[in-house]
Amino acid sequence: MGGLDALRQCNFLNWLREERQSRKLILFIVFIALLLDNMLLTVVVPIIPSYLYNLDESTEAALKNNTLSQQGAPGAFNNIVSLYDNTVRTSGFNMTTRSADLVPTALTAAAPPQNSSDCPKANKMLLNENVKVGMLFASKATVQLITNPFIGPLTNRIGYQLPIFIGFCIMFISTIMFAFSSSYTLLFLARSLQGVGSSCSSVAGMGMLASVYTDDEERGHAIGIALGGLALGVLVGPPFGSVMYEFVGKTAPFLILAFLAVFDGALQLFVLQPTKVEPETQKGTPLLTLMKDPYILIAAGAICFGNMAIAMMEPTLPIWMMETMCARKWQLGVAFLPASISYLIGTNIFGTLAHKMGRWLCALIGITVVGISVLCVPFATNIYGLILPNFGVGFAIGMVDSSMMPIMGYLVDLRHVSVYGSVYAIADVAFCMGFALGPSIGGSIAENIGFPWLMTIIGIVDIFFAPLCFFLRNPPGQEEKIAILMDTNCSMKTRSYSTQGTYYQGEDMDPEYEDYD
């Protein structure tokens, strides 16, 4: 039996080596990388607000207990003789008490309130959690925002394999830190470190897909599947985190994610061979030039404002539910389940459909629906009232992401050099700006003017931004590239072309490229 197992293992390794250049296997690796990144991103959503609230509450109770002990100590020392008759006379007060009566009082002061995380009062400490949780959540996106401009050009120089593997290593360390951190400072550091790993994984992963799927329609479908990994991570993260936190503890969900990360790292090691440096054959367009392109900026803005809505909800919605609905721990994560399911549905449907209906139209409708759905969230009076608005938010963001991510690669092909690291760094910067500004600004707004007004502001911003997507309907490009990407009848027929300089138009593709898998 041992020899048979060794033979099967050998066959599996041989299959991996043979399929190393398969586009489907590369798509699977990027899918898993985005899945783990976003599971770690969202698994903390129901855990951190409740955990920090309990941590602050325990600290405050301990400080009160220490204060009472320090106040009681001088009296006990000054009146030690009176302990013989089993009484205590406190200096400065005209009263006498039995020493036995003091014991329950001290124990009561030391014990934290029961069920404090299930139904906390709308006190100042709870409102302050909005800012602390918001800053913690925003730290990942802020660091990722700073890192992305360096990762994009780096992938052009050394290839995509090494950065995506480095991203896995950093993500693993961050996951272990989350599991065993017991203070706000360490949690903040773990979240920030995750931003570096996420930047490497997402920029290199999307760039790799764009380079191996050169046909615009296929690219849209592949990116839609990859975003399905992102959606699945967002889907599974909050309920998985809340249930595990409620019934097992804070450490368990992060250890499970760490084991999944090891599997992904082993797969990358065998398939991608991250020790090899494979730079791009062409020199890409400079990052600053891409950032000055108004059409790329509109697409990036759609990604940013679309995702900013859910980013603002992540730190503030659980606290608002704790305050107004007396929500339990497991409910804090389950509330995001409709948005996660609908995002998964939206990315899979519109990964292909957006190409047929027009990606600009898909994004315009999506951002509008995000704004309307967000406006409806504060009208919910219980967890069931959040189902429809959150479903609308997730589905609409899926429409935006699955249409704008492929159009980023298309705009580079149409207007610049077909090298994708920098443009997907810009796309990731836009995504991170939403998740950096959303929690940090959202937490402050919710603390000062309330959660309903926060949802009203971001809803109106999304609705007003939506018409700008109309400019992506027919973006101008370089004349020679328009001739490649458009038919003679000027009907947009995006077909396969090679990044090495040999292009194919219409259905006249070389058979060996059709069979390339």
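Residues numbered from 1 in each chain as written. Predicted model: local features only at pLDDT ≥ 70, side-chain atom pairs only at ≥ 80, totals over all residues. Heavy atoms only, no water.

A. The arrangement of the overall build of the protein in detail. If you tally the helices and strands in the protein, you get 19 helices and two strands. Counting contacts in the protein only where the partners sit at least 6 residues apart, residues at least 24 apart contribute 84% of the total. Within the structure as shown, the protein displays about 22,800 Å² of accessible surface, and the carbon and sulfur contribution to it stands at 66%. (Helix = DSSP H or I, 4+ residues; strand = E, 2+ residues; numbered from the N terminus. Contact = heavy atoms within 4.5 Å. Areas by Shrake-Rupley, 256 points an atom, 1.4 Å probe, with all protein chains shown as cover.)

B. Main features of the pattern of salt bridges. By the definition in use, this model includes two salt bridges. Between Arg219 and Asp413 there is a salt bridge, with its nearest N and O atoms 2.8 Å apart. Taken together, the positions of Arg219 in helix H8 (residues 216-247) and Asp413 in helix H15 (residues 387-415) put the pair 194 residues apart, joining distant regions of the chain. The exposure classification of Arg219 matches that of Asp413, with both residues buried. One salt bridge in this structure joins Arg415 and Asp293, with 2.7 Å as the shortest N-O distance. With a gap of 122 residues between them, Arg415 in helix H15 and Asp293 in the loop between helix H10 (287-291) and helix H11 (294-324) connect regions that are remote in the sequence. Exposure remark for Asp293: the relative accessible area of 3% places this residue in the buried category. (Salt bridge = Lys/Arg side-chain N within 4 Å of Asp/Glu carboxyl O. Buried < 20%, exposed > 50% of the residue type's maximum accessible area, 1.4 Å probe, protein only.)

C. Focus on the packing of helix H13 (residues 337-357) against H15. Here H13 crosses H15 at 30°, and the two axes come no closer than 7 Å. For H13 against H15, the interelement crossing comes out right-handed. Each of Pro338, Ala339, Ser342, Tyr343, Ile345, Gly346, Thr347, Ile349, Phe350, Gly351 and Ala354 in H13 lies in contact with H15, whose residues at this interface are Ile387, Asn390, Phe391, Gly394, Phe395, Ile397, Gly398, Met399, Asp401, Ser402 and Ser403. (Axes fitted to C-alpha atoms, helices over the stretch in contact; angles between N-to-C directions. Left-handed = near helix turned anticlockwise from the far one by under 90°.)

D. How the structure looks around the nonpolar core. Membership of the largest hydrophobic core comes to 124 residues, with the highest contact counts inside it found for Met321, Met408 and Tyr424. Tallying contributions element by element places H11 first for this core, with 19 residues. Setting aside residues up to four positions removed in sequence, Met321 forms contacts with Cys326, Ala327, Gln331, Leu332, Ala335, Ile383 and Leu386. (Core = buried A, V, L, I, M, F, W, Y, C linked by side-chain atoms within 4.5 Å.)

E. Quick look at the side chain of Thr147. Note that Thr147 resides in helix H5 (residues 124-158). A polar contact of 2.7 Å, which involves the side chain of Thr147, links it to the backbone oxygen of Val143. (Polar contact = N/O pair within 3.5 Å; in protein donor to acceptor, adjacent residues only side chain to side chain.)

F. Looking closely at the packing of aromatic side chains. Under the defined criterion, the tally for this structure stands at eight aromatic pairs. When the centroid spacing of 5.6 Å and the interplanar angle of 75° are considered together, the rings of Phe350 and Phe395 count as edge-to-face. In this pair, Phe350 is assigned in helix H13 and Phe395 in helix H15, connecting sequence segments 45 residues apart. Judged by centre distance (6.4 Å) and plane angle (5°), the rings of Phe391 and Phe395 are stacked. With a gap of four residues between them, Phe391 and Phe395 both fall in helix H15, about one helical turn apart. Under the relative-accessibility criterion, Phe391 is labelled partly exposed at 34%. Take Phe395: its relative accessible area is 23%, and that puts it in the partly exposed class. Among the aromatic residues, ring-to-ring pairing joins Phe350, Phe391 and Phe395 into one connected group. (Phe/Tyr/Trp six-rings, centres within 6.5 Å; stacked < 30°, edge-to-face > 60°.)

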